[in-house]
Amino acid sequence: MRKSRVLCRMIGAVLACAVLAGCSVGGTMSLDEMLRAPQLTGEYSAVQTALNEYLGESAQLKYPANGDFLSPFLFGDWDGDDVQDAAVLYVSSTSVNVQLAILQKDVSGNWKVCGTAEGLSDSVDSVSFAAMRAPGADQILVGYTITSDEYLAVYSYTDGKLETVLQQPYNQYLIEDFTGRGTEDLVLLSSDENGQTQVQMLTDGPDGFTSMQVVGLSSEQFSGYASLAAGKGAFGGNYLILDGWTGASGSYLASSILRYDATTGQMDPASLAGTDDVYNDSLRYASCLISRDLDNDGIVEIPAQSVEEAGTLNLTANKRFSFVRWMDFTGWHPEKSFGIVDEEYGFYLELPAEWEGNLLMTDGAEEGEIQLSNLSGDEIYMTLRVTDDDVSYDSWQRLGMVASMQILAKMGPDIKTPTAYMLSKAIYIL
């Protein structure tokens, strides 16, 4: 009903504008014409005109539903000649699935279609780009959804030929220069025909694009992959961090760290300064604790929950809370952040490093409340509460929202936190 009223207002507005502009609304302008999107201008219009001339009809443009690029018109250097090219996502009367067309300008400066490729579904989920091929040509990565499964297609345009390099289902992918060649590589987390998760890397070399399987998690320790992450190490270079399911029930998490070895041409376990046993040092039982670049410094931190020496838990009602450290095992001093995690609501609260090892966590006076104090319990450091959105507490500091609940905190009456610590910036939604 609301949509109908909105549509009526839109139609009324269009009619009013037409009348005010002195236009005849009778037989000279149809309702479809009045509701049609504004005509494209500039290069967009020229590209669309060239595509329509090539097809002999008006193409139906397909807009990506998600991601950073939401236009059916894509501009970039697809073949590495330092000249801007164009691409369009569309369907026509002869195609059910989305088509990708590559266009270049001729000597007269007019856009011409140079190649087309068929996609995997009738809609586009996302678009991204990767500079996988020297000397700087961009490849186009298009995500599709087919009956709730996500598929990724990689298109490359070289020497006047549009090639579909890869088409397969995926759960997650990363674009990064793992090989150190100065071009980007694609690492893909997917499932094989038997439903088993696997990781593969697509890279470009002297013989063209090659795909290799990445064996990063031991089958004796892990039952499957959970997530991928890529980041710099403490001493430079790119690392691939694999989170995997482990434990008897397959519900715990642990990690593996890989780095590209030019001598073997494979992603192999990395030599690390901060640990000799990544698996045991990264064990955690909260599924929200996925490795990530927590502080946006380019280094991926791995969470670890096996931190008994961090403090003492004495909880009866709020057992969803626990201590956690975020680690960079590539450096000599791996611990980068310490705090508590709420496993139910999925957030992490960083605490001052000076409190670590002298913490007692107990239930607070109210439901959904915890209290942090020193080990003897006679000095309250902080009280944390997760409560309904419509409740206001003047003496509490609101840190954020999660699942329609407020995260509130207040420091102890006599606690002076370190200068570098800011409670308002210590919350992370996982």
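These lines cover the structure that appears in this document, whether it is placed above or below. (Residues numbered from 1 in each chain as written. Predicted model: local features only at pLDDT ≥ 70, side-chain atom pairs only at ≥ 80, totals over all residues. Heavy atoms only, no water.)

### Section: the overall build of the protein chain
When you go through the protein chain residue by residue, the secondary structure sums to four helices and 28 strands. In terms of overall dimensions, the protein chain has a C-alpha envelope of 85 × 65 × 40 Å along the principal axes. Counting across all 430 residues of the protein chain, residues that qualify as buried make up 46%. When the accessible surface of the protein chain is split by element, carbon and sulfur atoms take 48% of a total near 21,600 Å². Computed over 24 positive and 60 negative side-chain charges, the separation of the two mean positions in the protein chain equals 8 Å. (Helix = DSSP H or I, 4+ residues; strand = E, 2+ residues; numbered from the N terminus. Buried < 20%, exposed > 50% of the residue type's maximum accessible area, 1.4 Å probe, protein only. Areas by Shrake-Rupley, 256 points an atom, 1.4 Å probe, with all protein chains shown as cover. Lys, Arg positive; Asp, Glu negative; His and termini not counted. Charge placed at Lys NZ, Arg CZ, Asp CG, Glu CD.)

### Some remarks on the pairing of strand β21 (residues 335–342)
Within a regular strand, side chains alternate between the sheet's two faces. The element β21 is largely enclosed, with a buried count of six among its eight residues. Relative to β21, strand β20 (residues 321–327) is paired through seven bridges, and the arrangement is antiparallel. Bridge pairing in β21 places S322 opposite V341. Pairing of β21 with strand β22 (residues 347–350) involves four bridges; the strand directions are antiparallel. Across the sheet, V341 pairs through a bridge with Y348, a residue of β22. Connecting β21 to the antiparallel partner β22 that follows it, the hairpin turn spans four residues, and G346 within it adopts a positive phi of roughly 70°. (Pairing = 2+ DSSP bridges.)

### With respect to the sheet that holds strand β17 (residues 266–269)
Taken in spatial order, the four strands line up as β14-β15-β16-β17 in an open sheet, and their pairing is antiparallel. What marks the edges here is a single partner per strand, and that holds for β14 (222–232) and β17. On average, each strand axis in the sheet is inclined to that of its neighbour by 35°, with strand direction left out of account. Pairing of β14 with strand β15 (residues 238–246) involves nine bridges; the strand directions are antiparallel. The partner of A230 across the bridge, within β15, is L240. (Axes fitted to C-alpha atoms, helices over the stretch in contact; angles between N-to-C directions.)

### Digging into the sheet that holds strand β13 (residues 208–214)
Ordered in space as β10-β11-β12-β13, the four strands form an open sheet in which the pairing is antiparallel. In the strand order of this sheet, the two ends are held by β10 (172–176) and β13, each with one partner. Looking at each pair of strands side by side, their axes are set apart by 20° on average, direction ignored. Two strands pair when backbone bridges link them, and strand β11 (residues 185–191) and strand β12 (residues 197–205) are joined in this way by six bridges, in the antiparallel orientation. Residue L188 lies in a different strand from β12, and its bridge partner there is Q200.

### Points about helix α3 (residues 42–55)
Its 14 residues give α3 an end-to-end C-alpha distance of 20 Å, which sits within 8% of 20 Å, the value for a rise of 1.5 Å per residue. Listed in full, the buried residues belonging to α3 are V47, Q48, A50, L51 and N52. Where α3 is buried, its residues contact β1 (60–61), β2 (73–76), β3 (85–91), β4 (99–105) and β5 (111–118). Downstream of α3 by a residue or two, G56 has a phi angle that is positive, lying close to 75°. (Expected span 1.5 Å × (residues − 1). Contact = heavy atoms within 4.5 Å.)

### Examining the nonpolar core
Soluble globular proteins tend to pack their nonpolar side chains together in the buried interior. One finds I340, L349, L351, M382 and L384 to be the most contacted residues of the largest nonpolar core, which totals 29 residues. When residues of this core are traced back to their parent elements, those giving at least two are β20, β21, β22, β24 (369–373), β25 (380–388), β26 (397–402) and β27 (405–411). Per-element tally for this core: the top contributor is β25, with four residues. Core analysis: the second largest hydrophobic core is formed by 19 residues, M201, V214, M267 and Y279 among them. (Core = buried A, V, L, I, M, F, W, Y, C linked by side-chain atoms within 4.5 Å.)

### Digging into the packing of aromatic side chains
A complete count under the given rule lists 13 aromatic pairs for this structure. A ring pair is formed by Y170 and Y173, whose centres lie 5.4 Å apart and whose planes are at 65°; its orientation type is edge-to-face. For Y170, a relative accessible area of 9% translates into the label buried. Judged by centre distance (4.7 Å) and plane angle (20°), the rings of W355 and Y381 are stacked. (Phe/Tyr/Trp six-rings, centres within 6.5 Å; stacked < 30°, edge-to-face > 60°.)

### Regarding the environment of L166
Among the secondary structure elements, L166 is positioned in strand β9 (residues 161–169). The spacing of L166 and F209 is 43 residues in sequence and 9.6 Å in space, taken between C-alpha atoms. The residues contacting L166, other than those within four sequence positions of it, are L152, A153, V154, L188, Q200 and L202.

### Digging into unusual backbone geometry
Positive phi is not limited to glycine here, since D82 has a value of about 65°. With respect to the element layout, D82 can be found in the loop between β2 and β3. What makes D82 exposed here is its relative accessible area of 73%.

### Digging into the pattern of salt bridges
Tallied over the full model, the rule gives twelve salt bridges. The closest approach of N and O atoms between D204 and R133, which form a salt bridge, is 3.2 Å. On the criterion of sequence distance, the pair formed by D204 in strand β12 and R133 in strand β6 (residues 126–133) is long-range, its members being 71 residues apart. Across this residue pair, the class does not change: D204 and R133 are buried. Residues R320 and D342 are paired through a salt bridge, measuring 2.8 Å at the closest nitrogen-oxygen approach. (Salt bridge = Lys/Arg side-chain N within 4 Å of Asp/Glu carboxyl O.)

### Section: the environment of I302
Considering the arrangement of structural elements, one finds I302 in strand β18 (residues 302–304). Each C-alpha atom of the pair I302 and S45 lies 48 Å from the other, and the pair is 257 residues apart in sequence. Leave out the neighbours within four places in its chain, and I302 touches I241, S255, I257, S282, R284, S291, R325, W326, M327 and F329.

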